[in-house]
Amino acid sequence: MLMLTMSITACGSENSTENSGAAETAGSGNTAPAAKAPVKISYLTFRVGTHASAKMEEEQIKQFNAKYGDEVEVVVEEIPSDAAYVDKIKILAASGDVPDVVMGKDGINDVLIKGNLATPFNEYLDKDPEWKAAIGEDALASNTRDGKIWSISDQKQNIGYFYNKEMFEQAGIKPAETWDEFMSSNEKLKAAGFVPLALMTGENAWTSNLILAAMIGTNGDNGKSFMNTLHPTDFNTPEMIQALNMMKELLEKYTTKDALGAGYANAANAFSQGKAAMIANGPWMIGDFSDPTKSSEGFDKKVGVAAYPNNSLISTYEVGYMIGAKTPETREAAETFIRFKTGLEGQKIALEYGNVMPVSNEIQPSDALKQKYPIIVESITVAQKTQLHYRTLDSIVYPNVTDAWKNLYPKLVAGRATAEEIAKELTEITGKNK
């Protein structure tokens, strides 16, 4: 018994000595504490592949990783198109499981706010006055509801239309100053053997609805008010009905044969390949005009940019990014990512790599960008000269209205519904949101 007790005591002493030594080693300054793993956040993006903003997205993420990669790991999932992205986010929202960072386009912001799936930015912005200043009061106000800032805009959208200068010259026309002149120009282009407009009714009917918005927004004070009202409830207005009738004529006579049901890629290709004389779109498309995979050599020299009739322009702020993260840790990481993308660094990258107009006046195009894309300067000049501004339809209507266009336009053109009936149906669709 004595020998056994002595043996146990000896072993215990030996272990204590070893443990003590190990503790001393661990506690010494020679061994650094284990590095904290970066916080993972999920991010879905449609700006991939041939998308006009794919290079911008790639560069922003690359520079973010270089600066914050030790703190935040952005797990990117690529979605093939804008429409596919919107559909997927809505499906995820229905199950309450959205990505940590979400682009709130095409009514997604409404879905997340209504579903209590987003975190407002007020506290984050109050802690970072420099970031708040970089966004600006107007951009923040555009995404504020009941005092809460739900998303951060990453760009200012000044949208007119691009036109083929050679086709315009051969048809003997110039950018129209009135809508009567615009309709007459379409007829002259057609008579000269050209397809006037690159329109589309699929997805969110983007290029068509830009023109529709311009028609409404320039039709007196009531039209301007409608196109600057968030969530209009009554589409049964003379301005809407007149615009729908004009759009019906454009789709019937002055666009490509595949416009009904076509997606954005179809319309963009029609213009860039010289198959249509005009396309309504924003400056992010400018890079396509000198991209040999999208346009013929020298096409960028043929492109001009114009405001809509009545010296007007669509001028609005993109909805931008929302925080969909659920835990304090991932929310902080998501805010870090969004702050980089929408701050001065991210805005500079967006301008230089994606021809995206910054929300801050501090960011100006570099001399290299001006030389590479002279039409950037032309776009800025056009925007500065316009006096009448209004928003896009996507930015003011409910998501179910945006979804409805792809079904309503074919009915209108086929004569299965009048403009008045389409306006009534739009009113009924928006009424379902009450």
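Residues numbered from 1 in each chain as written. Predicted model: local features only at pLDDT ≥ 70, side-chain atom pairs only at ≥ 80, totals over all residues. Heavy atoms only, no water.

Participant: Break down the overall build of the chain for me, citing the residues and quoting the values.
Facilitator: A count of helical and extended segments in the chain gives 20 helices and 11 strands. Taken along its principal axes, the extent of the C-alpha atoms in the chain is 115 × 50 × 40 Å. Across the 434 residues in the chain, those meeting the buried criterion constitute 52%. In the chain, 74% of the contacts between residues at least 6 apart in sequence involve partners at least 24 apart. Of the accessible surface of the chain, which amounts to about 20300 Å², a share of 51% is contributed by carbon and sulfur atoms. If the 42 positive side-chain charges of the chain are averaged to one point and the 57 negative ones to another, these points end up 5 Å apart. (Helix = DSSP H or I, 4+ residues; strand = E, 2+ residues; numbered from the N terminus. Buried < 20%, exposed > 50% of the residue type's maximum accessible area, 1.4 Å probe, protein only. Contact = heavy atoms within 4.5 Å. Areas by Shrake-Rupley, 256 points an atom, 1.4 Å probe, with all protein chains shown as cover. Lys, Arg positive; Asp, Glu negative; His and termini not counted. Charge placed at Lys NZ, Arg CZ, Asp CG, Glu CD.)

Participant: With reference to specific residues and values, describe the pairing of strand E7 (residues 278-281).
Facilitator: Burial of E7 is two-sided: the residues Met-278 and Ala-280 facing one way and the residues Ile-279 and Asn-281 facing the other way are all buried. As judged from the 4 bridges shared by strand E6 (residues 156-164) and E7, these two strands associate in the antiparallel manner. Its bridge partner being in E7, Tyr-161 is matched across the sheet by Ala-280. (Pairing = 2+ DSSP bridges.)

Participant: Describe the nonpolar core, naming the residues involved and giving the relevant values.
Facilitator: Among soluble globular proteins, nonpolar side chains are generally buried collectively. Counting residues in each nonpolar core, the largest one holds 93 residues, and the members touching the most others are Phe-162 and Leu-250. Two domains each put at least three residues into this core: domain 1 (39-156 + 317-373) and domain 2 (158-316 + 375-432). Within the second largest apolar cluster, 45 residues are counted, among which are Phe-46, Ile-61, Val-74 and Leu-117. (Core = buried A, V, L, I, M, F, W, Y, C linked by side-chain atoms within 4.5 Å. Domains from an automatic or database assignment.)

Participant: Mind laying out the domain arrangement of the chain, listing which residues take part and the relevant values?
Facilitator: Domain annotation of the chain identifies domain 1 (39-156 + 317-373) and domain 2 (158-316 + 375-432). Here domain 1 and domain 2 have C-alpha centroids that lie 26 Å from each other. Facing 22 residues of domain 1, the contacting portion of domain 2 comprises 23 residues. When the two sides are added together, the surface that domain 1 and domain 2 hide from each other amounts to roughly 2000 Å², 58% of it contributed by carbon and sulfur. Counting across the interface, domain 1 meets domain 2 through 1 salt bridge. With a shortest N-O distance of 3.1 Å, Asp-403 and Lys-90 are connected by a salt bridge. Counting only elements with at least two residues in the side of domain 1 that touches domain 2, the list comes to helix H3 (82-94) and helix H4 (108-114). (Buried area = accessible area lost by both parts, 1.4 Å probe. Salt bridge = Lys/Arg side-chain N within 4 Å of Asp/Glu carboxyl O.)

Participant: Any chance you could break down the pattern of salt bridges for me, citing the residues and the numbers?
Facilitator: Applying the stated criterion to the full structure yields 21 salt bridges. The salt bridge involving Lys-67 is made with Glu-345; its shortest N-O contact spans 2.8 Å. Within this pair, whereas Lys-67 is found in helix H2 (residues 54-68), its partner Glu-345 is found in helix H15 (residues 344-354), the two being separated by 278 residues in sequence. A relative accessible area of 38% places Glu-345 in the partly exposed class. Its salt-bridge partner being Glu-352, residue Lys-348 comes within 3.6 Å of it at the nearest N-O pair. Taken together, the residues span about one helical turn, with Lys-348 and Glu-352 both in helix H15 at a distance of 4 residues.

Participant: Please set out the side chain of Gln-347 residue by residue, giving values where relevant.
Facilitator: Position of Gln-347 among the secondary structure elements: in helix H15. Only 3.1 Å separates the side chain of Gln-347 from the backbone nitrogen of Val-359, close enough to count as a polar contact. Setting aside chain neighbours within four positions, we find Gln-347 in contact with Ala-134, Ile-135, Lys-341, Thr-342, Pro-358, Val-359, Ser-360 and Ile-363. (Polar contact = N/O pair within 3.5 Å; in protein donor to acceptor, adjacent residues only side chain to side chain.)

Participant: Outline the pairing of strand E9 (residues 312-317), listing residues and values.
Facilitator: The buried count for E9 comes to 5 of 6 residues, which makes it a mostly enclosed element. Relative to strand E11 (residues 388-390), E9 runs parallel, the two being bridged by 3 bridges. Residue pairing in the sheet places Ser-312 in a bridge with Leu-388 of E11.

Participant: Outline the packing of helix H12 (residues 238-253) against helix H20 (residues 419-431), supporting the account with residue identities and numerical values.
Facilitator: Two quantities define a packed helix pair, namely the angle between the axes and the distance from one axis to the other. Between H12 and H20, the shortest axis-to-axis distance is 9 Å and the interhelical angle comes to 125 degrees. By the angle class used here, H12 and H20 are oblique. Remark: the crossing between H12 and H20 carries right-handed chirality. For the pair H12 and H20, contact is made by Met-240, Ile-241, Leu-244 and Asn-245 and by Ala-419, Glu-420, Ile-422 and Ala-423, respectively. Classifying every residue of the contact of H12 with H20 by side-chain character gives 6 nonpolar, 1 polar and 1 charged. (Axes fitted to C-alpha atoms, helices over the stretch in contact; angles between N-to-C directions. Parallel < 35°, antiparallel > 145°, perpendicular 65-115°, else oblique. Left-handed = near helix turned anticlockwise from the far one by under 90°. Nonpolar A, V, L, I, M, F, W, Y, C, P; charged D, E, K, R; others polar.)

Participant: Give me helix H19 (residues 399-414): which residues, what numbers.
Facilitator: At Trp-405, H19 is bent by approximately 40 degrees, the largest bend along its length. Considered for burial, the residues of H19 that qualify are Pro-399, Val-401, Thr-402, Ala-404, Trp-405, Leu-408, Tyr-409, Leu-412 and Val-413. Where the residues of H19 are buried, they touch H3, H4, helix H10 (206-217), H12, helix H18 (393-396) and H20. Just downstream of H19 lies Gly-415, where phi reads positive at about 80 degrees. (Bend = angle between axes of the 7 residues up to and from the residue.)

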